[in-house]
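A structural walkthrough
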Amino acid sequence: MRKLSFICIMILLMMQSLFAQEVLVGNERMKWWREARFGMFIHWGCYSQWGGTYNGNKIGGGGEWIMNRGKIPVAEYMDAAKKFNPVNFNANAWVKMAKDAGMKYIIITAKHHDGFALFKSKVSTWNIVDATPFGRDVLKELAVACKNNDIKLGFYYSQAQDWVNPGGAVKRKLAKEGWANPDSARIDAYTKEHNGHWDSLQTSKSMADYIDSVAVPQVKELLSNYGDIAVLWWDTPTDMTKIFAEKLHNILMLQPQIITNDRLKGPDFPGDTKTPEQSIPGLNEIDGKDWETCMTMNETWGFKSYDNNWKSPAVLLRNLIDIASKGGNYLLNVGPDACGEFPTESVNSLKIIGEWMKVNNEAIYATKASLLKPLEWGKCTRKDVGENTTLYFSVFNWPSTGKLSVYGITNNVASASLLNGNISVKTEKRKINGMDCLDIYVPDKAPDNMVSVIKVQFNGLLVPKESPENGKIKSGSID
Ligand code: H79
């Protein structure tokens, strides 16, 4: 009996240490990602050549959805790729733009829902090398450029939806869901628009065939032929089964350091990161899991010639800071055009963000959520260095009073300065109605025209008196 309990205890101890090891390995694996905070999403494929227009009609939704939304027949869509010749594509130029913006990683659509592979694939000729006059393996060139520039490369792979390779899933949507008193004409129009497959070629094989003959071997190609791959970014788990998901998940063993997201199948396959799409979670939605907001600069992922609804550089920058202040990453999208060039507005925004990052990146990289209560005039990121905390206050609304106040901090200040120009600023601690208040005295004019950062080093680790309550991020998983 005693021997049995000894063995049981030993087994428990072993399991515990194995678990601890796994957690450590996980933390080690996530380290670069948690420090990076800023990455570039690239949506590019033969959909980019359509630019959002089919037969003279502007097609709704993202530019990368044009085949589905326009119900373009498979043969016609494939035929158009014979004219896809993005001769201005320059991997080094793309990577340099990401790097100069302060981004630490790039995730590119290796294959989006239209099934078009941006790489040479042996299992489907529906790829950029075999199906276009361009004939170059874009991912190969990007992998080299990323390696030379010390930028991590990750692949987006639409594992379930595929509108060209037979057997691929096509998202359906029922009109009734969530609609109050819809009229029947609207339901009919909607159902027609979202009723799955529209070309008999798409259903000429089963989804199991597609998974075995396209998705699985292509993910193997991606994880075998392009060196170290930092991230596998799954998307839209339409009709995924547990068996399909396991087959794909198992391939990740080819790259033990790889990081994956939560879009492979659903809650059973949470991956490493949550993926809020086009939204920034509120403080009460943060639950301790790693997360990354992906977002467009205008309203489309894939290029649309007439989408001019661009977010300003200041908005993009404030989003990055807001996200960092809540402990997440910002995956900001660029949709290059049919020639292989970034839209001018994207180039411009990246440049402006990069200039800010050159001066202020300390407030972003390797920072954590501040745990302070929301500030009226800006956002705060945090670094614990040894036994001391540093806070970075990003000021969105520069005060006319010459003073910024922060509540709930008891620690003494060791130093305080503006990152721009490294100018010292005075601080003062006082109590208001029994509450600790730190006043930071700042010049009349903000040193930076978008966001100015004040770095405050404290003695000791900061334990804010009030911290946000825990809640959950709304999962970005769609479907
Ligand atoms: O790759 C980008 C999107 O194409 C992809 N995820 C990001 C990163 C995505 N696929 N599906 N969805 C996002 C959600 C589906 C939205 C839809 Fe629609 C609403 C599909 C049909 C109606 C958006 C609007 C796309 C077409 C019209």
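Conventions used here
Residues numbered from 1 in each chain as written. Predicted model: local features only at pLDDT ≥ 70, side-chain atom pairs only at ≥ 80, totals over all residues. Heavy atoms only, no water. Near = heavy atom within 4 Å. Polar contact = N/O pair within 3.5 Å; in protein donor to acceptor, adjacent residues only side chain to side chain. Helix = DSSP H or I, 4+ residues; strand = E, 2+ residues; numbered from the N terminus. Expected span 1.5 Å × (residues − 1). Buried < 20%, exposed > 50% of the residue type's maximum accessible area, 1.4 Å probe, protein only. Pairing = 2+ DSSP bridges. Salt bridge = Lys/Arg side-chain N within 4 Å of Asp/Glu carboxyl O.

This part takes up the site of the ligand. The local shell around the ligand holds 17 residues, among which His43, Glu64, Arg69, His112 and Asp235 are the closest. For the ligand, a nitrogen atom lies 2.7 Å from a polar atom in the side chain of Asp235.

Turning next to helix H11 (residues 344-360). The end-to-end C-alpha separation of H11 is 24 Å, in line with the 24 Å expected for 17 residues at 1.5 Å each. Along H11, the positions that sit buried rather than exposed are Ser346, Ser349, Leu350, Ile353, Gly354, Trp356, Met357 and Asn360.

All right, on to the sheet that holds strand E9 (residues 290-295) then. Strand order across the open sheet formed by 8 strands is E7-E6-E5-E4-E1-E10-E9-E8, with parallel pairing between neighbours. Two strands lie at the open edges of the sheet, namely strand E7 (259-260) and strand E8 (273-274), each paired on one side alone. The sheet contact formed by E8 and E9 spans 2 bridges and is parallel. Paired with Lys274 across the strands is Trp291, a residue of E9.

Quick look at the pattern of salt bridges now. Following the criterion strictly, the structure yields 22 salt bridges and no others. The partner of Glu246 in a salt bridge is Lys242, and the shortest N-O contact between them spans 3.6 Å. One end of the pair is Glu246 and the other is Lys242, both in helix H9 (residues 242-251) and 4 residues apart, which spans about a single turn. Overall, the relative accessible area of 46% leaves Lys242 in the partly exposed class. In this structure, Lys368 and Asp384 form a salt bridge, with 3.2 Å as the shortest nitrogen-oxygen distance. Taken as a pair, Lys368 in strand E11 (residues 368-369) and Asp384 in strand E12 (residues 378-385) lie far apart in primary sequence, 16 residues in all. A residue is classified by how much of its surface remains accessible, and Lys368, at 41% relative accessible area, is partly exposed.

Fair warning: the whole summary comes from geometry, so function is off the table for now.
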